[in-house]
Amino acid sequence: CYVFGDLHGNLEDLHFFSDNVWRLGMSLTAGNFLFLGDYVDRGMSGLEVVAYLMVMKISMPNKVHLLRGNHETRDCNGWQEYYGERSYIAQCQTRFGSYWGFRIWEETNKVFDRLPLAAVVDQEIFCTHGGIPRSVAGGRSEVEQILGVPSVAGINPPYEHEGKDAQQIASDCIWSDPATQEQELHEVDPETGFGQSRRGGGCVCFGNKAVTNFLSRHNYSFILRAHEAHAEGVAISKGARVFTVFSTSKDHHQGNQAMAGCILVDTEKMQVINRSPAYRDRYVHRRGSVSLAGMSVHEIEKAAQLGLVTEQPQEEFYQDCDINEDDEAEEEEQGEGPIYKLDTGRESAVNPGLTVPTPHDHNKSFFGDDKIDSSEEEEKEEGNHMMASETENMNWESTSTSDNSSQSAGKKGKKANVWRLLYS
């Protein structure tokens with residue numbers, strides 16, 4: 001199973017993975033593909049990334065699995081005042097016009113509302129976007145509480161049918177972070193293992209005690225999550241029991257040497273695949289189409305003269321763009337299934353407007369809390385740097401090429417072919 005972290009509208013790094021991980025296509029590549037959320041915002045290609053992943057999911061529903069991140073909520077991907085043109089809603093409206101752009105934004109958010117919060121790989125690796133949740137119901141495990149979250153959940157903001165406990169569980173799954181060493185000493189509750197995250201806005205962090213309790217209670221070995229930017233694409237913490245994977249190398253202030261990473265969970269080992277800063281695309285990628293919605297007749301004619309439009313739209317195209325309120329009401333009446341209403345007046349468990357994107361410096365080494373030394377970077381580029389081990393059970397070895405670098409770790413457990421999904 002290949003596991004990917006945040007993509008954030010970075011089509012270039014997604015191209016890297018498609019060119020090197022599933023070069024023959026996902027359908028012909030052995031294993032499953034698990035994406036941990038945060039597909040939109042920050043990068044300028046959120047629409048393309050979402051469209052690609054949704055097509056892959058529809059084409060291979062049992063092979064491609066999409067989890068939900070904090071940016072798969074309306075409060076985040078609709079925050080145009082903060083993200084500007086890099087917000088998902090702005091990209092939708094720029095491409096398709098104000099009306100259709102908003103409709104596309106809302107429809108994709110309805111899909112996001114139905115994405116699962118967590119997955120279990122190999123019956124021992126718990127995967128989620130942010131981290132483990134705090135327990136809110138006595139006698140029930142955290143996994144049982146995750147399964148109790150409504151299958152349609154807005155989270156930020158919540159729907160009217162979402163209870164307070166369910167909203168907290170969902171928010172912890174998509175927003176929480178591992179505690180730093182300083183937080184472990186001064187800010188984490190020694191009884192529960194949780195504390196307030198420096199991300200702010202009501203987010204929490206989880207420490208060693210919380211990790212130990214969670215893993216032992218569910219008989220898991222590792223936690224694999226995303227949510228935090230790291231210059232090397234992957235980082236480990238909490239005694240090599242928590243893995244953080246970040247699959248975009250841009251738009252997070254990690255410098256021009258930042259890498260995009262993913263993790264391959266294979267038989268008895270976990271292998272890290274990174275995009276090295278030295279890698280250069282060897283393939284030409286072209287966008288096959290562009291929306292004509294929102295473009296004037298003059299702009300379409302000019303684009304046609306440049307060869308960007310191969311066929312002029314018929315007059316019906318412009319008529320279809322004039323949608324009135326009666327047409328919209330008729331579409332709503334024809335819809336099937338229950339009607340879910342957002343409770344925008346109710347306070348969310350996490351307020352994205354009060355959070356910060358990077359609670360502390362994540363420009364760190366893969367195997368420790370110190371920043372990468374320039375001499376170590378040079379050694380790693382030459383493929384001569386051997387990774388250190390955080391525990392006796394994990395022996396790391398590193399290889400690197402000009403195209404990409406990888407690290408592999410021994411993993412005791414069952415085959416990676418068997419896994420199950422925890423749906424929200």
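Everything quoted here is computed from the prediction, not taken from an experiment.

Participant: Could you give an account of the overall build of the protein, with specific residues and numbers?
Facilitator: Secondary structure assignment for the protein yields 14 helices and 16 strands. Residue burial in the protein is summarised as follows: out of 424 residues, 52% are buried. When contacts within the protein are restricted to residue pairs at least 6 apart in sequence, long-range pairs at least 24 apart make up 69% of them. Looking at the protein as shown, the accessible area adds up to about 20000 Å², and 48% of this sits on carbon and sulfur atoms.

Participant: Go over the nonpolar core, please, and point to the residues and values.
Facilitator: Judged by nonpolar contacts, the single largest core of 32 residues is most densely connected at Phe-4, Phe-17, Trp-22, Met-26, Phe-33, Phe-35 and Tyr-39. Every element with two or more residues in this core is listed here: β1 (2–4), α1 (11–20), β2 (33–35), α2 (46–59), β3 (64–66), α5 (88–96), α6 (98–112) and β12 (260–266). Among the elements that take part in this core, α2 stands out by supplying five residues, more than any other. The contacts of Trp-22, once residues within four sequence positions are left out, are Phe-4, Leu-14, Phe-17, Thr-29, Phe-33, Phe-35 and Tyr-52. One finds Leu-117, Ala-166, Phe-206 and Tyr-220 within the second-largest nonpolar core, a separate group that totals 29 residues.

Participant: Lay out the sheet that holds strand β7 (residues 194–196) in plain terms, naming residues and giving numbers.
Facilitator: One open sheet accounts for three strands, arranged β6-β8-β7; its pairing is mixed. The sheet is open, and its two borders are formed by β6 (177–178) and β7, each paired with just one other strand. As judged from the two bridges shared by β6 and strand β8 (residues 204–206), these two strands associate in the parallel manner. Residue pairing in the sheet places Asp-177 in a bridge with Cys-205 of β8.

Participant: Describe in detail the packing of aromatic side chains, supporting the description with residues and values.
Facilitator: Enumeration according to the criterion identifies 17 aromatic pairs in this entry. An angle of 85° between the planes, with centres 5.7 Å apart, marks the rings of Phe-4 and Trp-22 as edge-to-face. You can see Phe-4 sitting in strand β1 and its partner Trp-22 sitting in the loop between α1 and β2, a full 18 residues away along the chain. An identical accessibility class is assigned to Phe-4 and Trp-22; each is buried. Taking the centre distance of 5.7 Å and the plane angle of 55° together, the rings of Tyr-159 and Tyr-340 count as tilted.

Participant: Tell me about the confidence of the model for the protein, and please be specific about residues and values.
Facilitator: Looking at the protein as a whole, the pLDDT averages 80, with 73% of positions reaching at least 70. Scored below 50 in pLDDT, residues 361–424 shows 170 contacts in the model against residues more than four places distant or in partner chains.

Participant: Account for the pairing of strand β4 (residues 118–121), naming residues and giving values.
Facilitator: On β4, burial covers both faces: Ala-118 and Val-120 on one face and Ala-119 and Val-121 on the other are all buried. Sheet topology note: the β4/strand β5 (residues 125–128) ladder contains four bridges and is antiparallel. Looking at β5, one finds that Val-120 is bridged to Phe-126. A loop of three residues connects β4 with β5, the two strands running antiparallel in sequence, and Asp-122 in this loop sits at a positive phi of about 65°.

Participant: Tell me what's going on with unusual backbone geometry, and back it up with residues and numbers.
Facilitator: Here the bond from Asn-156 into Pro-157 is cis, since omega is -5°, no more than 30 degrees from zero. Looking at the element boundaries, Pro-157 is found in the loop between α7 (142–147) and α8 (164–175). Residue His-8 is not a glycine yet carries a positive backbone phi of 45°. Assessed through its relative accessible area of 2%, His-8 is described here as buried.

Calculation rules
Residues numbered from 1 in each chain as written. Predicted model: local features only at pLDDT ≥ 70, side-chain atom pairs only at ≥ 80, totals over all residues. Heavy atoms only, no water. Helix = DSSP H or I, 4+ residues; strand = E, 2+ residues; numbered from the N terminus. Buried < 20%, exposed > 50% of the residue type's maximum accessible area, 1.4 Å probe, protein only. Contact = heavy atoms within 4.5 Å. Areas by Shrake-Rupley, 256 points an atom, 1.4 Å probe, with all protein chains shown as cover. Core = buried A, V, L, I, M, F, W, Y, C linked by side-chain atoms within 4.5 Å. Pairing = 2+ DSSP bridges. Phe/Tyr/Trp six-rings, centres within 6.5 Å; stacked < 30°, edge-to-face > 60°. pLDDT = per-residue confidence, 0-100.

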